[in-house]
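Below, each chain spelled out in residue letters.
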Amino acid sequence: MKALLLATCVFAASYAIAGDNPAASSSSGAEQAPQLQHFSPANADASANACQDFFKYADGKWVAAHPIPGDMNGWGVARILQLWNETQLRDTLEKASRDDPARNSDEQKAGDFYYSCSDEKTLNSETAAWLKPELDRIARISSKADIAAEVAHLHQSVDGAYAPADNQTAAAVMGFSGQPGYDDASHYAPVVDQGGLGMPTRSFYLDQDEKSKDIRAKYLKHVQNMLSLAGEKPEQAKKDADVVMEMETEMAHASMDPISRRDPKNLNNKMTLEQLKALAPSFDWQLYLKLVDAPTAQQYIVTTPAFFKNLESMLQQHPVEHWKSYLRWQMLHGNATALSDAFSGENFDFFGRTLQGTPNQLPRWRRCVQSVDGSLGEVLGKVYVARAFSPQSKQRVLQMVSDIEAALGRDIEAQDWMSPETKAQAKQKLAAVMNKIGYPDHWRDYSAVKIGRASYLANQHNAVQFEFERWVHKIGNPVDRSEWGMTPPTVDAYENPQDNTINFPAGILHAPYFDPEQDDAVNYGAIGAIIGHETIHGFDDQGRKFDLHGNLRDWWTPSDGSEYEARGKCISDEYTQPVPEAGAGVKQDGRMTQGEDTADNGGLHLAFMALQSDLARQGKDMDANQADGLTPRQRFFLAYGFAWAGLARQESIRTLVLTNPHSYRTYRVNNVVSNMPEFWQAFSCKKGDPMVREHACRIW
């Protein structure tokens, strides 16, 4: 998923990953695997009212009994599964990290990567030596003509030159990669994207509320501290930090906002190389493309032309010393988690404590497991799948996917606002979806990646270079739909509209999401809703703009398109709301979360339809009481609620609301069920109850 601008997943990143950037320090104790969380009717809080606050009813008791650990920005059933997965990977990596000549190539690479990350003594003693050649490179920059070469070097050594959905790359100055073309998704096209920021999004630089100003002041101090750690005198570090803030703020002003980026038409700006050069003639594009070994291309997708016009202004206005300060900061920022405790601790202080509210870093073993998984994920994935994901589980999930896709087919046919022409095209797109479950059919070959035991920083650079070049070298080549954008142990799932696939890693196919010991009502309410969520993404406000081949093409009649937009506005208006959990005055913009909110609502509806069909095949009644006193209908909704059990720190929720296309978990439960008459029936909710929305929204 790294190079794909529009791939959409089920969890916000802050749910799936811990509060800091993966790779820096605490203890290396042998934490035991946690107990996976299983659905139980006993989880329901009998003191709460399902029709008043379903999240509290379904999850309040669990949340009260599970406080957030000190090294996390939030805690919940997904985080417990993530920790369980990481303990499986840790056992593999600790064995592989022994310097045993009998290890095979994959074991050597994964084991030595883990060893180098875990070797705190070397990290702390050798960081200055590791950084010296990087700092020397930047010190040798003598003119603005040299900037392109350093940008190319950073892109090939520091992770972040790939575009996340809806925002921008984390790379120095800009991002560059291969991606399926918007007009022809059968081949990869070169994409040049806005980037250059150290903080998450442009709003962190531009918002004028007091909290934003306070965060900027802390960021400025953080940049100064990092430059001081690299050897600058305090006065110079302060001066350079001011320059960095000035330059990044200028980039933020020129960046396209996240809501505009949600419309792929705004990103599909095709240009020749000469036209790209004309946007920023002072940047040596020819040299950059040569150094990153980019294949020759007739056209480039330039996501934000205004950003590159501004880049030219910045190249003209800022002296070379400013650019050296900025590039020095970007180099330190991108490498921080692979450096000494002083660097990684300072990095965590801002990005973990300030932005996420997390008191302490994760233990080193967890950060090292996450680092290996992020860099050599399919090496670990082979072992994980063999250990933790059975063929029987894969077949059962495939059957659920088939049932849910069949439900969407029926739902499309039942829509009275869609014309026969649009319905026919929607069904063709649905039939063309590729379903990927668990793990790749063909494992990635990492033989070209050089990994040793001596330098964690060198290992990081080599892994980044491999991945960056792998994507760049795709340019001009056919798209491989079977390739995965998540590693097998990942607790998440995603849909990619440009290759028309839905993808469910083995890591999420465990309790409480998929539980072979539970009945169908529970599994359809939990993993079924996630399957439905990803299926709907192909038909949300972004996904619907791509056809069955993944091409950006309007296949809707004008009337049907208008009808869709009206229903979409109902969703975005509903989710434009204050989020008190994030602090006073924080409000969610439903336009930014519309795709995920549409998928949440439609996904649960499809899962319910699929369960109805499943029970009918078995001759069972949706509303017959079971031994536990609950009906399958009630178990379905309670399982859905339990899948979101958890809580997060206020700072983390604020960052989520400002940066992420996912709503906070409370609203992913309550807003969804309040739109569903099927839920109202399950718990005998009446008009006027908070969980009975007067003007219920629904697209699918």
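This structure is a prediction, so every number in the text was calculated from the model and none was measured.

With respect to the state of the cysteines
Using the criterion set out here, one finds three disulfides in the structure. Bridging Cys51 to Cys685, the disulfide has an S-S length of 2.1 Å. As the torsion about the S-S bond is roughly -85°, the Cys51-Cys685 disulfide counts as left-handed. Remark: Cys685 occurs in the segment after helix H29 (677-682) and Cys51 occurs in the loop between helix H1 (13-16) and helix H2 (54-65); sequence separation between them is 634 residues. The class of Cys51 is buried, set by a relative accessible area of 6%. With a sulfur-sulfur separation of 2.1 Å, Cys117 is cross-linked through a disulfide to Cys368.

Observations concerning unusual backbone geometry
In this chain, Ala511 is followed by Pro512 through a cis amide linkage whose omega measures 10°. Inspection of the secondary structure assignment puts Pro512 in the loop between strand E9 (501-505) and helix H22 (520-525). Residues other than glycine seldom take positive phi values, yet Asn500 does so here, at roughly 55°. Tracing the backbone through its elements, the reader meets Asn500 in the loop between strand E8 (494-496) and E9. With a relative accessible area of 2%, Asn500 lands in the buried category. Although it is not a glycine, Ser684 sits at a positive phi angle of roughly 55°. Looking at the element boundaries, Ser684 is found in the segment after H29. Residue Ser684 is classed as exposed on the basis of its relative accessible area of 56%.

What about the environment of Asp547?
Tracing the sequence through the fold places Asp547 in the loop between helix H23 (527-537) and helix H24 (558-575). Asp547 sits 224 residues away from Trp323 along the chain, and the two C-alpha atoms are 43 Å apart. The contact partners of Asp547, leaving out residues within four places of it in the chain, are Lys429, Arg553 and Trp555. Polar contacts involving the side chain of Asp547 include one to the side chain of Arg553, which spans 2.9 Å.

Rules used in this analysis
- Residues numbered from 1 in each chain as written.
- Predicted model: local features only at pLDDT ≥ 70, side-chain atom pairs only at ≥ 80, totals over all residues.
- Heavy atoms only, no water.
- Disulfide = S-S within 2.5 Å.
- Helix = DSSP H or I, 4+ residues; strand = E, 2+ residues; numbered from the N terminus.
- Buried < 20%, exposed > 50% of the residue type's maximum accessible area, 1.4 Å probe, protein only.
- Contact = heavy atoms within 4.5 Å.
- Polar contact = N/O pair within 3.5 Å; in protein donor to acceptor, adjacent residues only side chain to side chain.

Purely spatial values, then, with no claim about function.
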